[in-house]
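Single-letter residue listing:
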Amino acid sequence: GRVVGVLALQGGVAEHARMIEALGHRPRPVRRLGDLEGIEALVLPGGESTTLHRLLTAFDLTKGIRDAARRVPTLGTCAGLILLATLGVLDVDVERNAFGPQADSATARLPWKHGSVVAAFIRAPRVTRVGGGVRVCSTWQGGGRYGAEPAIVGVEQGEGEQRIIGVSFHPELTGDTTIHRDLLD
Ligand code: GLN
């Protein structure tokens, strides 16, 4: 199994760690620079992206996370996707809170590449621009309330160890391991 760093400053850390363990890998909470040494994959959980950016700065982790995301397979979920976009490692633009407030939280089965994934949306962002090297893996109609066109909610960039997956939703909250298996297998 891989040693998987899970950014553990704020947000849904424990759920990701459980899922990583269930798949036979070794989660390692990342709170300081040294925790990134030797990791073989990286997960940036959901939470609140403004707070996460502040904490990354306060803990002097911004550069370390950026470098790690370029070096090992990396997954960002929800606020984690926003971090990947704003750190400049994933070539997309995002719109925060694109599907309404907490009360509009929803669960949906979405396409994921050739299969599907059960996804939970909580104040989720959507992807508003994808760069040339970015593949769209998931779209969501969002119940139709937030635009007529399906929104982009799952993307992938790069190959092999440089792969970066970003999803608007929380796969770790539905018990669906599709995205984590895709990252780690
Ligand atoms: N709305 C949050 C943000 O903009 C993300 C929500 C989440 O991670 N569940 O950072």
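Residues numbered from 1 in each chain as written. Predicted model: local features only at pLDDT ≥ 70, side-chain atom pairs only at ≥ 80, totals over all residues.

This next bit is on the UniProt feature "active site" (unreviewed entry) in the chain. Here, UniProt's "active site" (unreviewed entry) annotation points to C78, H170 and E172. In terms of the greatest pairwise C-alpha distance, the residues named above, spread along 95 residues, form a tight cluster of at most 11.0 Å across. Within the secondary structure layout, C78 lies in the loop between strand 4 (74-77) and helix 4 (79-86). Of note, H170 is situated in the loop between strand 11 (164-167) and helix 5 (178-184). (UniProt positions renumbered as here; feature names shortened; annotations may be inferred. Helix = DSSP H or I, 4+ residues; strand = E, 2+ residues; numbered from the N terminus.)

Before going further, it helps to spend a moment on the pairing of strand 11. Side chains of strand 11 alternate between two faces, with I164 and G166 and I165 and V167 buried alike. Looking at chain direction, strand 4 and strand 11 are connected through four bridges and run parallel. Each residue of the ladder has a partner; that of L75, found in strand 11, is I165. Judged from the four bridges that link them, strand 10 (residues 151-157) and strand 11 form a sheet pairing that is antiparallel. Of the residues in strand 11, the one forming a bridge with E156 is I165. If you look at the hairpin formed by strand 10 and strand 11, you'll find six residues sitting between the two strands, and G158 has a positive phi there, around 80°. (Buried ≥ 20, exposed ≤ 12 C-beta atoms within 10 Å, placed from the backbone. Pairing = 2+ DSSP bridges.)

Turning next to the site of the ligand. Around the ligand, the surrounding shell consists of G46, G47, E48, S49, C78, A79, I82, R96, N97, I122 and R123. Taken together, the residues of the shell around the ligand sort by class into four nonpolar, four polar and three charged. (Near = placed C-beta within 6 Å. Nonpolar A, V, L, I, M, F, W, Y, C, P; charged D, E, K, R; others polar.)

This paragraph deals with the environment of V92. One can find V92 in strand 5 (residues 92-95). According to the C-beta neighbour criterion, V92 is buried, with 21 such atoms within 10 Å. With 74 residues separating them in the primary sequence, V92 and G166 have C-alpha atoms 9.5 Å apart. What V92 contacts, discounting residues up to four positions off in sequence, is A85, V127, R129, V130, G131, V134, V155 and G166. (Contact = placed C-beta atoms within 7 Å.)

Within this structure's numbering, the places UniProt gives as "binding site: L-glutamine" (unreviewed entry) are G47, E48, S49, R96, I122 and R123. Spanning 77 residues, the named residues form one tight spatial group whose C-alpha atoms are at most 13.1 Å apart. Relative to the assigned elements, G47 resides in the loop between strand 3 (41-44) and helix 2 (49-58). Judged by C-beta crowding, with 21 C-beta atoms within 10 Å, G47 ranks as buried. Setting aside its immediate chain neighbours within four residues, G47 contacts Q10, G11, G12, L52 and A79.

We now examine the nonpolar core. Core analysis: the biggest nonpolar cluster contains 57 residues, and L42, L84, V153 and F169 have the highest contact counts within it. Here this core takes six residues from helix 4, the largest share from any one element. Here L42 is in contact with G5, A68, A69, V72 and T74, once residues within four sequence places are set aside. (Core = buried A, V, L, I, M, F, W, Y, C linked by C-beta atoms within 7 Å.)

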